[in-house]
Amino acid sequence: MYLKDKFKGALVGTHVGDALGMPVEGQPPELIQMRFGQVTEMIEARMGAGTYTDDTEMMIAVAESLCRVKKIPLHWLEEMEDGEKGRSYIEKLAKKLYDNFLEVNNK
């Protein structure tokens, strides 16, 4: 499988998972189980079945930024603290990509 196919799969998977989970977001698993059983299809939500959240919107912005820059600029990685790992590292990188998206789209 090519990287481009994996990238597309990640985008579609994020959107579908977000849309499936949006109607039950924040609810305890017991309540979801009682009301819906297992969520395996789009269910009606406050903005209609299949709608997504700001999580998908952020993913779209990051993806568009990656497509524009073609690669992650090395200086972005160098600006990260030495030894920084895990979620905070990814969040900072995502923020840089999102800021880049805003910069490019506000010109």
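Residues numbered from 1 in each chain as written. Predicted model: local features only at pLDDT ≥ 70, side-chain atom pairs only at ≥ 80, totals over all residues. Heavy atoms only, no water.

Caption draft 1: Spotlight on the overall build of the protein chain. In terms of helices and strands, the protein chain carries five helices and zero strands. Seen in sequence order, the protein chain has helices and strands lined up from the N terminus as α-α-α-α-α. Counting only residues that meet the buried cut, the protein chain has 23% of its 107 residues in that class. Here the contacts in the protein chain between residues at least 6 apart in sequence split such that 53% fall between residues at least 24 apart. In the form shown here, the protein chain has an accessible surface area of approximately 8000 Å², with 57% of it arising from carbon and sulfur atoms. (Helix = DSSP H or I, 4+ residues; strand = E, 2+ residues; numbered from the N terminus. Buried < 20%, exposed > 50% of the residue type's maximum accessible area, 1.4 Å probe, protein only. Contact = heavy atoms within 4.5 Å. Areas by Shrake-Rupley, 256 points an atom, 1.4 Å probe, with all protein chains shown as cover.)

Caption draft 2: Summary view of a nonpolar patch on the surface. A surface patch of nonpolar side chains, about 230 Å² in accessible area, is lined by V12, V16 and M42. Considering the arrangement of structural elements, one finds M42 in the loop between α2 (29-36) and α3 (54-69). (Patch = residues over 30% accessible without salt bridge, like charges linked within 9 Å, V, L, I, M, F, W, Y side chains within 5 Å. Salt bridge = Lys/Arg side-chain N within 4 Å of Asp/Glu carboxyl O.)

Caption draft 3: Spotlight on the environment of M22. Residue placement: M22 occurs in the loop between α1 (3-21) and α2. Looking at M22, the relative accessible area reads 3%, which means it is buried. For the pair M22 and Y52, spaced 30 residues apart in sequence, the C-alpha separation works out to 6.3 Å. When neighbours within four sequence positions are excluded, M22 is seen to be in contact with A45, R46, G48, T51 and T53.

Caption draft 4: Representation of α3 in the model. Relative to the 22 Å expected for 16 residues at 1.5 Å per residue, α3 spans 23 Å between its end C-alpha atoms, a close match to the ideal helical length. Within α3 the residues assigned to the buried category are T56, M59, A61, V62, A63 and S65. Of the residues flanking the start of α3, the one acting as N-cap is T53, its side-chain oxygen 3.1 Å from the backbone nitrogen of D55. (Expected span 1.5 Å × (residues − 1). Polar contact = N/O pair within 3.5 Å; in protein donor to acceptor, adjacent residues only side chain to side chain.)

Caption draft 5: The arrangement of the side chain of T56 in detail. Mapping T56 onto the fold places it in helix α3. If sequence neighbours within four positions are ignored, T56 has contacts with T14, H15 and D18.

Caption draft 6: Fine view of a negative patch on the surface. Side chains of E25, D54, D55 and E57 sit close together on the surface and give a patch of like negative charge. Mapped onto the elements, D55 comes out in helix α3. (Lys, Arg positive; Asp, Glu negative; His and termini not counted. Charge placed at Lys NZ, Arg CZ, Asp CG, Glu CD.)

Caption draft 7: Expanded view of the side chain of D18. If you trace the backbone, D18 turns up in helix α1. Each residue touching D18, except ones within four places of it in the same chain, is listed here: Y52, T53, D55 and T56.

Caption draft 8: Molecular detail of the confidence of the model for the protein chain. Residue-level pLDDT values for the protein chain average 79, and 78% of them are 70 or greater. No element of the protein chain has a lower mean pLDDT than helix α4 (residues 74-78), at 58, and none a higher one than α2, at 94. (pLDDT = per-residue confidence, 0-100.)

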